[in-house]
Amino acid sequence: MNLHEYQGKEILNSFGVRIQRGIVADNSKKAVEAAKQLTAETGTGWHVIKAQVHAGGRGKGGGVKLAKSLEEVESISKEIIGMMLITPQTSAEGKKVNQVLICEDVYYPGESEHEEFYMSVLLNRATGRNMIMYSTEGGMDIETVAENTPHLIFTEEIDPATGLLGFQARKIAFNLGLSGNAFKEMTKFVASLYTAYVESDSSMFEINPVLKTSDNKIIAVDAKVSIDDNALYRHKDYAAMRDFREENAIEVEANAVGLNYVDLDGNVGCMVNGAGLAMATMDLIKQSGGEPANFLDVGGTADAERVEAGFRIILKDPNVKAILVNIFGGIVRCDRVAQGVVDAYTNMGNIEVPIIVRLQGTNAKEAQELIQKSGLDVISVTEFQEAADRVKEVLA
Ligand code: GDP
Ligand code: MN
């Protein structure tokens, strides 16, 4: 689950990571109040207005702006709230901005002593260990740094048995070219950041930039935080931070009824039991000249109710020109799935796209008879290749 910058910063702050202070606002009046409050608390003269959307590169798209007066806080907030923000990480139409984060200005006007670093914490899947990735080249996208100056990206792997060790935090501060107070501040920053990552059950932290201020404080200016969905049950407070407006509407609905659904760009809807079979089915659709419109794993209990829920979800996508149901009956009996297809089809009444059903495994024969007897416009097959061929036919 992805979080907004302000939510990520809230979590970091709760673990003692120093952050750029900010207050979230959903209209320009509240933005001005937030700015006044920040000035009272931090003494900041200028403010930074930051669009809160689940996409990076906001600065480039005009979603991060400096305001030098309360009038500017108001006018910039007015401009950003409600806009469709287009960044290198959004679609062409952009993302709607519902909120802005009003932040203290931490770049201290008139001074150029600050430095921007890059830092992320993530899992290295090859070694099965968490690692801290960092660079002296902060503030720009890390992909560009990786392409042009890969030697400026460092990684530090953490042994799960010992956790982050003191010398590792010092090595990071050293490699970032720090000394004196900034060095000490960085070792503290890294240690608390790593604790926050582990304790919050996150799957990714990306802090870009980490700022060294002119007075040698180390501050998280940005925060991209992803929490592991499978750990949300033990973080009810984080789970409550979910912003459904940022997510694909069909995926949200599918998740609510317990279906594993991922929206894709193609024209053939798939309903499959088991993730492996779902992947194989998507390959097959591609080979037969179609493009999968989705990944959908209905799971082990492919009963009438779930099959119907699956059809309803798939048919919300207007690009779907055919549906391929590919179920392997192991524990679930094919005739029950077939009954599910027939019931769902009858209940829904107005399915206009052709449906190809391939049922294989326990009671496959009974299942095929059941579908044929129903008289419904459903193509029933038992072989995988046959299913692909029929998909090709109906798309032609
Ligand atoms: P992103 O573009 O979505 O990654 O958003 P960031 O939160 O990283 O902000 C983009 C850029 O805005 C940063 O790289 C900074 O250069 C600038 N910025 C952020 N905070 C401040 C601030 O307090 N003062 C000034 N002057 N610039 C800031
Ligand atoms: Mn950033």
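Just above sits the structure.
Now for a description of the structure that goes with this document. (Residues numbered from 1 in each chain as written. Chains lettered and ligands numbered in written order. Predicted model: local features only at pLDDT ≥ 70, side-chain atom pairs only at ≥ 80, totals over all residues. Heavy atoms only, no water.)

**What to know about the coordination of the manganese ion (ligand 2)**
Only Asn 208 (O) and Asp 222 (OD) from the protein reach the manganese ion (ligand 2) as donors, at distances of 2.2 Å. Taken together, the residues Asn 208 in strand β10 (residues 202-212) and Asp 222 in the loop between β11 (218-220) and β12 (224-227) connect sequence positions 14 residues apart. Asp 222 shares its class with Asn 208; the two are buried. (Donors = N, O, S within 2.8 Å, 3.2 Å for Na, K, Ca; no water. Helix = DSSP H or I, 4+ residues; strand = E, 2+ residues; numbered from the N terminus. Buried < 20%, exposed > 50% of the residue type's maximum accessible area, 1.4 Å probe, protein only.)

**Details of the packing of helix α11 (residues 334-348) against helix α12 (residues 364-374)**
Helix-helix packing is described using two parameters, namely the angle between the two axes and the distance between the axes. Closest axis-to-axis distance for the α11/α12 pair is 7 Å, and the angle between their directions is 20 degrees. Comparing their axes, α12 and α11 come out roughly parallel. Taken as a pair, α11 and α12 cross one another with a handedness that is right-handed. Contact residues: α11 offers Cys 334, Asp 335, Ala 338, Gln 339 and Val 342, while α12 offers Ala 364, Glu 366, Ala 367, Leu 370, Ile 371 and Ser 374. Broken down by class, the residue content of the contact of α11 with α12 amounts to seven nonpolar, two polar and two charged. (Axes fitted to C-alpha atoms, helices over the stretch in contact; angles between N-to-C directions. Parallel < 35°, antiparallel > 145°, perpendicular 65-115°, else oblique. Left-handed = near helix turned anticlockwise from the far one by under 90°. Contact = heavy atoms within 4.5 Å. Nonpolar A, V, L, I, M, F, W, Y, C, P; charged D, E, K, R; others polar.)

**Concerning the site of ligand 1**
If you check the shell around ligand 1, you find 17 residues, and the closest are Lys 50, Arg 58, Gly 59, Asp 105 and Val 106. The contact in question runs from an oxygen atom of ligand 1 to an N or O atom on the side chain of Lys 50, over 2.6 Å. Backbone polar atom of Gly 57 to an oxygen atom of ligand 1: 3.3 Å apart, as the coordinates give it. Notes on ligand 1: free accessible area 570 Å², of which the protein chains cover 79%. (Near = heavy atom within 4 Å. Polar contact = N/O pair within 3.5 Å; in protein donor to acceptor, adjacent residues only side chain to side chain. Areas by Shrake-Rupley, 256 points an atom, 1.4 Å probe, with all protein chains shown as cover.)

**Comments concerning the pattern of salt bridges**
Under the defined criterion, the tally for this structure stands at 23 salt bridges. Glu 185 is the salt-bridge partner of Arg 18, the closest N and O atoms lying 3.5 Å from each other. Taken together, the residues Arg 18 in the loop between α1 (5-14) and β1 (22-25) and Glu 185 in helix α6 (residues 180-199) connect sequence positions 167 residues apart. For Glu 247, the salt bridge is made with Arg 242, and the minimal N-O distance between the two is 2.9 Å. Assessed through its relative accessible area of 25%, Glu 247 is described here as partly exposed. Here the residues in one salt-bridge network are Glu 5, Lys 9, Lys 50, Arg 58 and Asp 222, joined through shared partners. (Salt bridge = Lys/Arg side-chain N within 4 Å of Asp/Glu carboxyl O.)

**Re the packing of aromatic side chains**
One pass over the structure, following the stated rule, counts three aromatic pairs. Pairing Tyr 194 with Tyr 197 gives two aromatic rings, centres 6.4 Å apart and planes at 25 degrees, and the pair type is stacked. Pair noted here: Tyr 194 and Tyr 197 are both in helix α6, with a separation of three residues, about one helical turn. In this pair, the class of Tyr 194 matches that of Tyr 197, namely buried. Ring geometry for Tyr 197 against Phe 205: centres 5.4 Å apart, planes inclined by 85 degrees, an arrangement best described as edge-to-face. Phe 205 shares its class with Tyr 197; the two are buried. Through a chain of ring-to-ring contacts, the aromatic side chains of Tyr 194, Tyr 197 and Phe 205 assemble into a single cluster. Here the guanidinium or amino end of Arg 358 rests over the ring plane of Phe 384, the centre of that ring lying 5.0 Å away. (Phe/Tyr/Trp six-rings, centres within 6.5 Å; stacked < 30°, edge-to-face > 60°. Lys NZ or Arg CZ within 6 Å of the ring centre and 35° of its normal.)

**Remarks on α6**
The end-to-end C-alpha separation of α6 is 29 Å, in line with the 28 Å expected for 20 residues at 1.5 Å each. Along α6, the positions that sit buried rather than exposed are Ala 182, Glu 185, Met 186, Thr 187, Phe 189, Val 190, Ser 192, Leu 193, Tyr 194, Ala 196 and Tyr 197. Of the surrounding elements, those touching the buried residues of α6 are α1, β7 (115-124), β8 (129-135), α5 (166-175), β10 and β11. Asp 201 lies just past α6 and shows a positive phi near 55 degrees. (Expected span 1.5 Å × (residues − 1).)

**Section: the nonpolar core**
Of all hydrophobic cores here, the largest spans 37 residues; its most connected members are Leu 12, Met 119, Ile 132, Met 186, Phe 189 and Leu 193. Elements with a minimum of two residues in this core: α1, β7, β8, α5, α6, β10, β11 and β12. A per-element tally of this core places α6 first, with eight residues. For Met 186, the residues in contact, after removing those within four places along its chain, are Phe 117, Met 119, Ala 173, Leu 176, Leu 178, Val 210 and Ile 218. Counting residues in each nonpolar core, the second largest holds 34 residues, with Leu 296, Val 320, Ile 351 and Ile 355 among its members. (Core = buried A, V, L, I, M, F, W, Y, C linked by side-chain atoms within 4.5 Å.)

**What to know about the environment of Val 381**
Note that Val 381 resides in strand β18 (residues 378-381). Here Val 381 falls in the buried class, since its relative accessible area comes to 1%. Measuring from C-alpha to C-alpha, the distance between Val 381 and Lys 29 comes to 62 Å, with 352 residues separating the pair along the chain. Apart from residues lying up to four places away in sequence, Val 381 is in contact with Ile 356, Val 357, Arg 358, Leu 359, Gln 368, Glu 386, Ala 387 and Arg 390.

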